[in-house]
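# Chains, contacts and geometry: an overview
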Amino acid sequence: MDIKAKANELVEKIKKDPALLKEFRENPVKIVEELIGMDLPDDQIKMVAEAVKAKIDLDKAANLLGGLFKK
């Protein structure tokens, strides 16, 4: 599995749904497991969950910083 590609796919899905984003923040591993829909080793699920979390946080920070520099 291409973890980066899967993480990017999940980021887009999670960011579009505020309720799903809230659930993801509370239990990222569970939500990633549900969204992937296949049984993967725990270490791979955790890796995907961390990648998704990092990307969501990075996007949020970029949006906040972008707002600071707009006139």
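Please read all numbers here as calculations on a predicted model, not as lab measurements.

What follows deals with the pattern of salt bridges. The tally for this structure, following the rule as stated, stands at four salt bridges. One salt bridge in this structure joins Glu-26 and Lys-22, with 2.9 Å as the shortest N-O distance. With Glu-26 and Lys-22 both in helix H2 (residues 18–26) and four residues apart, this pair spans about one turn of that helix. Of the residues examined, Glu-26 reaches a relative accessible area of 57% and is grouped as exposed. A relative accessible area of 52% places Lys-22 in the exposed class. For the salt bridge of Asp-57 with Arg-25, the shortest nitrogen-to-oxygen distance reads 3.0 Å. Taken together, the positions of Asp-57 in helix H4 (residues 42–69) and Arg-25 in helix H2 put the pair 32 residues apart, joining distant regions of the chain.

Thresholds applied
Residues numbered from 1 in each chain as written. Predicted model: local features only at pLDDT ≥ 70, side-chain atom pairs only at ≥ 80, totals over all residues. Heavy atoms only, no water. Salt bridge = Lys/Arg side-chain N within 4 Å of Asp/Glu carboxyl O. Helix = DSSP H or I, 4+ residues; strand = E, 2+ residues; numbered from the N terminus. Buried < 20%, exposed > 50% of the residue type's maximum accessible area, 1.4 Å probe, protein only.

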